[in-house]
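# Structural features, examined
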Amino acid sequence: AIEKAALNNPTAAKLWHAGSQPMYEITATAGAVVVLDGLTGQRLNPADETEVRRLAALALNRSEDLIPAPERVDRHNVTHSRGELPIWRLRADDGTHHYVSRKTGRIVTSADRMARVSQYAYHYLHTMKYTDSDLLNAVIPIPYILAGLSLAALGVYLFLTRTVRP
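For the structure given in this document, a descriptive report is provided here. What you see is a predicted model; the values in this text were computed from it and never measured.

Attention now moves to the sheet that holds strand β7 (residues 97–101). Ordered by their spatial adjacency, 4 strands build an open sheet running β5-β6-β7-β8, and the pairing between neighbours is antiparallel. Each edge of the open sheet is held by one strand with a lone partner, namely β5 (71–73) and β8 (107–111). Averaged over all neighbouring strand pairs, the angle between strand axes comes to 30°, with direction disregarded. Lying over the sheet, helix α1 (residues 49–60) contacts β6 (87–91), β7 and β8, oriented at roughly 60° with respect to β6.

Moving on: the pairing of β7. In terms of burial, β7 is a largely internal element, 5 of the 5 residues being buried. Of the two faces of β7, the one holding H97, Y99 and S101 and the one holding H98 and V100 are both buried throughout. For β6 and β7, the ladder comprises 5 bridges, and the chain directions are antiparallel. Counterpart to W88 in the pairing with β7 is V100. The antiparallel pairing of β6 with β7 creates a hairpin that spans 5 residues between the two strands, and G95 there sits at a positive phi of about 95°. In this structure, the hairpin formed by β7 and β8 is closed by a connection of 5 residues, where G105 is found at a positive phi of approximately 80°.

About the thresholds
Per-chain numbering applies: the sequence of each chain, read as written, is numbered from 1 onward. Local features are withheld for residues below a pLDDT of 70 in this predicted model, meaning they are given only at 70 or higher, and side-chain atom pairs are given and counted only at 80 or more; totals for whole chains, interfaces and linings count all residues. Working from all heavy atoms in the structure, the side-chain values ignore hydrogens and water. Two strands make a pair as long as DSSP finds a minimum of two bridges between them. Secondary structure follows DSSP: runs of H or I at least 4 residues long count as helices, runs of E at least 2 residues long count as strands, and numbering of each begins at the N terminus. Here an axis means a line fitted to C-alpha atoms, over the contact stretch when the element is a helix, while the angle between two N-to-C directions is reported on a 0 to 180 degree scale. Only heavy atoms enter the contact rule, under which two residues are in contact if any of them lie within 4.5 Å. Note on exposure labels: buried denotes an accessible area under 20% of the residue type's maximum, exposed denotes more than 50%, and partly exposed covers the range between, all computed with a 1.4 Å probe on protein chains only.

Printed below as a string of structure tokens:
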């Protein structure tokens, strides 16, 4: 496949499968990545929406008609918080989000509905980064902090008035 694609000086090759179809991920000397069909040696273009749908259909063992149109994601989010950008996101009918590499066409990560809820809860409760504005991120928690302090003060007041009798 590598010879048929006429690649000069490849530095690394990975064999992986999209469903039952073998794929080669070839890294050239300049760091560029080329994806080849493992059977025919044909170059594939994972940055192309139709090619992404075809590769995802193979990897997920579904009909291509059941694969939704991919969305381009240009910034990290809660379910794809690290790794390459831009990336394709496929929103499946069952609520699962699949993130597909624009370089290789490989599904990088998937998150079903419950995994996304868990990731959102963890992310927002630990980072408290709700918006891109630092000012808003500093202001949004204040009512919750005040409510928590008020509830704690009420608990102390009730404890003291019911246990300490004059």
